[in-house]
Amino acid sequence: MKILVTGGAGFIGSHIVEYFQDRAEVCVLDNLRSGFEHNLVGLQCELMVGSILDRDLLRRVMRETARRDSCPAAISMLASRRR
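Residues numbered from 1 in each chain as written. Predicted model: local features only at pLDDT ≥ 70, side-chain atom pairs only at ≥ 80, totals over all residues. Heavy atoms only, no water.

K.L.:
When you look at the overall build of the protein chain in this model, what are you seeing that I'm missing?
P.N.:
Scanning the protein chain from terminus to terminus reveals 3 helices and 4 strands. From first element to last, N terminus to C terminus, the protein chain shows the α and β order β-α-β-β-α-β-α. The burial tally for the protein chain puts 39% of its 83 residues in the buried class. Long-range contacts, defined as pairs at least 24 residues apart, comprise 47% of the intrachain contacts of the protein chain with a sequence gap of at least 6. Taken as a whole, the protein chain presents about 5700 Å² of accessible surface, with 52% of it coming from carbon and sulfur. (Helix = DSSP H or I, 4+ residues; strand = E, 2+ residues; numbered from the N terminus. Buried < 20%, exposed > 50% of the residue type's maximum accessible area, 1.4 Å probe, protein only. Contact = heavy atoms within 4.5 Å. Areas by Shrake-Rupley, 256 points an atom, 1.4 Å probe, with all protein chains shown as cover.)

K.L.:
Is there a simple way to explain helix H2 (residues 55-63) in this structure?
P.N.:
Each α-helix turn comprises 3.6 residues. Residues three or four places apart therefore point the same way. Those residues of H2 that sit buried are Leu 57, Leu 58 and Val 61. One side of H2 carries all its buried residues, which in axial view fall inside an arc of 95 degrees. Opposite the packed face of H2, turned more than 90 degrees from it, sit the exposed residues Arg 55, Asp 56 and Arg 63. As for H2, its buried residues are in contact with strand S1 (2-6), strand S2 (25-30) and strand S3 (46-49). (Arc of directions from axis to C-beta.)

K.L.:
Looking at this structure, I do not really get the nonpolar core. What am I missing?
P.N.:
One recurring pattern in soluble globular proteins: nonpolar side chains tend to sit buried together. Residues Ile 3, Val 5, Ala 9, Val 17, Phe 20, Ala 24, Val 26, Val 28, Leu 40 and Leu 43 constitute the largest nonpolar core, which totals 10 residues. Elements represented by at least two residues in this core include exactly S1 and S2. Counting 7 residues, the second-largest nonpolar core is a separate cluster that includes Leu 4, Cys 27, Leu 57 and Val 61. (Core = buried A, V, L, I, M, F, W, Y, C linked by side-chain atoms within 4.5 Å.)

K.L.:
Teacher, can you tell me more about the pattern of salt bridges here?
P.N.:
Once their charged atoms are close, side chains differing in charge can pair, the charge on each being opposite to the other. Under the counting rule described, the total for this entry stands at 3 salt bridges. A salt bridge links Lys 2 to Glu 46; its shortest N-O distance comes to 3.4 Å. One end of the pair, Lys 2, is in strand S1; the other, Glu 46, is in strand S3, and 44 residues separate them in sequence. With a relative accessible area of 35%, Glu 46 lands in the partly exposed category. (Salt bridge = Lys/Arg side-chain N within 4 Å of Asp/Glu carboxyl O.)

Purely spatial values, then, with no claim about function.
Structure below.
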């Protein structure tokens, strides 16, 4: 089974990626605005740098996955409200 974790390079998302090690093939979609590639060091996953707002990219990766876990986040409430 292949799963998609959006926001997978963030704190919570990277722990979800860690949970699925040896359980599933993991694809991470993250724009790296508040997540960090170093959160995925040592974890087996495919990192796709991009936005969940990119409909074509999101449609393509969703076609390739059986399950989706969504953990997108902004660094602060102010940043979150501006978007």
